[in-house]
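Take a look at the letters that make up each chain.
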Amino acid sequence: MADGVANGPSTATVLTMITATASQNLNFGQIFGGTPKSMGYNKDDSSAIFTVTGQPSAGINLELILPEYLSLANGSARMPVIFSTTDAAIDTTTVTPSTVGAGNGWINRNPHSLPAAVIGSGGTTKLYLGGKVVPSVDQKAGSYSGDIVLSVSYTGS
Amino acid sequence: MVARTQKLIRISAFVALLTCMAIPRSAVAQDVAVGQAQAVVLTVVSVTSSASLNFGDVLQGVSTSIANNNASAAIFEISGETDAGIDLYLLLPQQMHLADNSDRMPIIFGSTDASIDTTGAGNPPGMAAGKGWQNVNPNSLPATVTIGSAGTDLYLGGTTVPSPNQKAGSYSADVVLTVSYNGQ
């Protein structure tokens with residue numbers, strides 16, 4: 001009637017901390033009043049690039065908070081910015097925006113609803129983002145900007 | 001009774017341990033990065049008619065021409081973003097009319113009746129080839145025009161051809177210049 005008691009070890013491995021960095025802004029360059037301008041996610045010098053690092057092959061969730069407008073620094077004018085359903089790509093092999101393909105991760109994805117992704121085997125995954133600005137005919141001249149926020153987290157898978 | 005209580009405590013502890021182990025490994029870490037979307041809107045392009053094409057007094061049956069480098073040539077002044085490429089399109093009349101529209105007089109624009117001055121001097125007689133495009137076709141203006149640092153001007157000449165019995169009076173017609181950025 002003796003009770004059997006066994007003590008087992010409790011173990012855990014803490015994964016490499018996940019980090020996200022805005023490596024390059026989405027740069028539409030010079031635009032003209034009344035002339036919309038699109039920028040694909042595949043422009044090496046103009047697409048937005050976010051770099052995510054962490055545990056190789058770990059599952060991650062990605063969420064973008066996208067602006068609806070770009071604004072002048074003094075807030076006196078704003079200009080619509082649109083992100084379509086194919087304006088994002090996720091690159092787990094860290095090639096470049098212009099060379100990323102389906103075999104490198106996920107291409108032509110909706111930035112408003114990104115797929116569950118993974119950290120690349122090298123410990124890095126990149127998100128490329130394009131978009132479109134729509135200036136009015138009498139759009140006030142000047143430099144416009146708006147924040148793009150990327151949140152990343154491990155999924156535990 | 002004491003042994004039964006200890007056993008219940010051990011079972012409860014074991015169940016608690018199992019419960020802890022069953023909690024899914026949800027997000028265990030996260031990070032946020034803030035990038036930007038940026039764009040520079042260029043200065044609005046504008047165009048002004050600063051001088052009309054003025055043939056002055058003309059005689060019945062005698063054609064009168066005004067060259068694009070004549071002080072009486074039309075002047076259109078264009079301003080906007082320096083060095084930005086622009087498209088220019090002239091809508092030219094075929095006749096001038098009396099104000100009461102009781103008579104009209106032909107007006108002709110030849111293939112060398114326009115010049116484009118990227119120095120923005122606003123001075124047709126001072127126009128030279130090195131200042132832009134000289135003696136070009138107003139019906140098909142060059143496609144590679146840019147806005148100079150002091151603006152760009154278009155000078156326009158033409159020829160009016162009054163008939164021998166042209167009715168006396170002041171004739172006029174609109175010359176319309178449309179300018180737009182072309183993204184170059």
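Residues numbered from 1 in each chain as written. Chains lettered and ligands numbered in written order. Predicted model: local features only at pLDDT ≥ 70, side-chain atom pairs only at ≥ 80, totals over all residues. Heavy atoms only, no water.

What follows deals with unusual backbone geometry. Although it is not a glycine, asparagine 108 of chain A adopts a positive phi angle of roughly 55 degrees. Inspection of the secondary structure puts asparagine 108 of chain A in strand β9 (residues 105-109). The class of asparagine 108 of chain A is partly exposed, set by a relative accessible area of 41%. Positive phi, normally seen in glycine, also occurs at aspartate 83 of chain B, with a value near 75 degrees. The class for aspartate 83 of chain B is exposed, based on a relative accessible area of 58%. (Helix = DSSP H or I, 4+ residues; strand = E, 2+ residues; numbered from the N terminus. Buried < 20%, exposed > 50% of the residue type's maximum accessible area, 1.4 Å probe, protein only.)

A word on the sheet that holds strand β4 (residues 74-79) of chain B. Residues and elements named next belong to chain B. Pairing is antiparallel across the open sheet formed by 5 strands, whose spatial order is β2-β4-β10-β8-β9. Both outer strands of the open sheet, β2 (46-51) and β9 (132-136), are each paired with one neighbouring strand and no more. Taking each pair of neighbouring strands and ignoring which way they run, the sheet shows an average axis angle of 15 degrees. Inspection of the sheet shows β2 paired to β4 by 5 bridges, in the antiparallel sense. Among the inter-strand pairings, serine 49 is bridged to a residue of β4, identified as phenylalanine 76. (Pairing = 2+ DSSP bridges. Axes fitted to C-alpha atoms, helices over the stretch in contact; angles between N-to-C directions.)

Moving on, we get to the interface of chain A and chain B. Residue-level contacts link 36 residues of chain A with 24 residues of chain B. For the pair chain A and chain B, the number of links is 0 salt bridges. Here the element with the most residues in the side of chain A that touches chain B is strand β13 (residues 142-154) of chain A; it accounts for 13 residues. For the side of chain A that touches chain B, the residue count by class is 18 nonpolar, 15 polar and 3 charged. Both β13 of chain A and strand β1 (residues 30-41) of chain B contribute to a ladder of 12 bridges, which runs antiparallel. Its bridge partner lying in β1 of chain B, glycine 142 of chain A is registered against valine 41 of chain B. (Contact = heavy atoms within 4.5 Å. Salt bridge = Lys/Arg side-chain N within 4 Å of Asp/Glu carboxyl O. Nonpolar A, V, L, I, M, F, W, Y, C, P; charged D, E, K, R; others polar.)

All names here are of chain A. The strand order across the open sheet formed by 5 strands is β1-β4-β11-β8-β9, and the pairing between neighbours is antiparallel. At either end of the open sheet lies a strand with only one pairing partner, and these are β1 (19-24) and β9. Taking each pair of neighbouring strands and ignoring which way they run, the sheet shows an average axis angle of 15 degrees. As judged from the 5 bridges shared by β1 and strand β4 (residues 48-53), these two strands associate in the antiparallel manner. Opposite alanine 22, over in β4, you have phenylalanine 50 as the bridge partner.

Worth remembering: the numbers are spatial, not functional.
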